[in-house]
Amino acid sequence: MGKRKCLWCSRVLEGEPFTDSVARTYVQGEAVHAWENIPLVEEEKAVALANNLLSV
């Protein structure tokens, strides 16, 4: 599967079935997470930035 990131916090799901993530999205009927797909290009940029920061 891909990766999904919460719009409201830093939680990232990787390879988890969508139905499982949606089930945990709501607590007592209120949304606690709103998921968006992380495009591969954005992920590659994040990895490159992290590598640059670690090499300094």
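Cut-offs applied
- Residues numbered from 1 in each chain as written.
- Predicted model: local features only at pLDDT ≥ 70, side-chain atom pairs only at ≥ 80, totals over all residues.
- Heavy atoms only, no water.
- Helix = DSSP H or I, 4+ residues; strand = E, 2+ residues; numbered from the N terminus.
- Buried < 20%, exposed > 50% of the residue type's maximum accessible area, 1.4 Å probe, protein only.
- Contact = heavy atoms within 4.5 Å.
- Salt bridge = Lys/Arg side-chain N within 4 Å of Asp/Glu carboxyl O.

Assigned secondary structure in the protein chain consists of two helices and five strands. For the protein chain, the sequential pattern of α-helices and β-strands runs β-β-α-β-β-β-α. With 56 residues in all, the protein chain has 18% of them scored as buried. A separation threshold of at least 6 residues defines the contact pool for the protein chain, and within that pool the share at least 24 residues apart is 43%.

Per the stated rule, a full pass over the model turns up one salt bridge. Glu36 is the partner of Lys5 in a salt bridge, and the nearest nitrogen-oxygen pair spans 3.6 Å. Remark: Glu36 occurs in strand 5 (residues 35–37) and Lys5 occurs in strand 1 (residues 3–6); sequence separation between them is 31 residues. Residue classification places Lys5 among the partly exposed residues on the basis of a relative accessible area of 26%. Exposure remark for Glu36: the relative accessible area of 29% places this residue in the partly exposed category.

Functional significance is not addressed by these values, which are geometric in nature.
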